[in-house]
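Architecture at a glance
Here's the letter readout for the chains.
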Amino acid sequence: MALGKGIKAKLDAYVDSRVYAMQLPEIPDFPAIVYQRISGPRAGVLWRPRYQLSCWARSYKDAEALAEQVTAALHGFHGDIDGTHGVIYVDENGLDDYEPDTGLYRRIVHIYLYHW
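I will try to describe carefully the structure that is included in this document. (Residues numbered from 1 in each chain as written. Predicted model: local features only at pLDDT ≥ 70, side-chain atom pairs only at ≥ 80, totals over all residues. Heavy atoms only, no water.)

**Overview of unusual backbone geometry**
For clarity, the cut-off: Numbering of helices and strands runs from the N terminus; a helix is a DSSP stretch of H or I covering at least four residues, while a strand is a stretch of E covering at least two. Each residue is assigned to one of three classes by its accessible area relative to the maximum for its type, calculated with a 1.4 Å probe on protein chains only: buried under 20%, partly exposed between the two thresholds, exposed over 50%.
In this model, F30 is joined to P31 through a cis peptide bond whose omega is 0°. Along the chain, P31 falls in the loop between β1 (19-21) and β2 (32-39). In this structure, S17 takes a positive phi of about 65° despite not being glycine. Mapped onto the fold, S17 is located in the loop between α1 (3-11) and β1. For S17, a relative accessible area of 45% puts it in the partly exposed group.

**Thoughts on the environment of A72**
Among the secondary structure elements, A72 is positioned in helix α2 (residues 60-74). The class for A72 is exposed, based on a relative accessible area of 63%. On a C-alpha basis, the gap between A72 and V90 in space is 9.0 Å, while along the polypeptide they are 18 residues apart.

**Points about the packing of aromatic side chains**
Note the threshold: When two rings of Phe, Tyr or Trp (its six-membered ring) have centres within 6.5 Å they constitute a pair, described as stacked for plane angles under 30 degrees, edge-to-face for angles over 60, and tilted for the intermediate range.
One pass over the structure, following the stated rule, counts three aromatic pairs. Pairing Y60 with Y105 gives two aromatic rings, centres 6.4 Å apart and planes at 70°, and the pair type is edge-to-face. With a gap of 45 residues between them, Y60 in helix α2 and Y105 in strand β6 (residues 104-115) connect regions that are remote in the sequence. Classification of Y60 as partly exposed rests on a relative accessible area of 36%. An angle of 45° between the planes, with centres 4.7 Å apart, marks the rings of Y98 and Y105 as tilted.

Shown next, in the form of structure tokens:
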């Protein structure tokens, strides 16, 4: 299943298609989102992989706003995610980060994708 691809498709509109798997490109534009799977699905009828969404921006305010948009767009989504029926739950315990080497701000959002 290409669940990461499905999540990317749901987020592209918020950052003009600047949604990337695992890492930012060498010369990125901002704001941007990086997604990665943190844990895989459990065996059984209901699967629940967890994804981390890193919302990157040049200012703290922009990173925070992007994370809020992502949360509003995804939390409680119910339907098709790249051919898989599922429900998205957003974990409200995000993490803020600052990268002094690049001067970039990041807010991390964790989501669980329940699918069957």
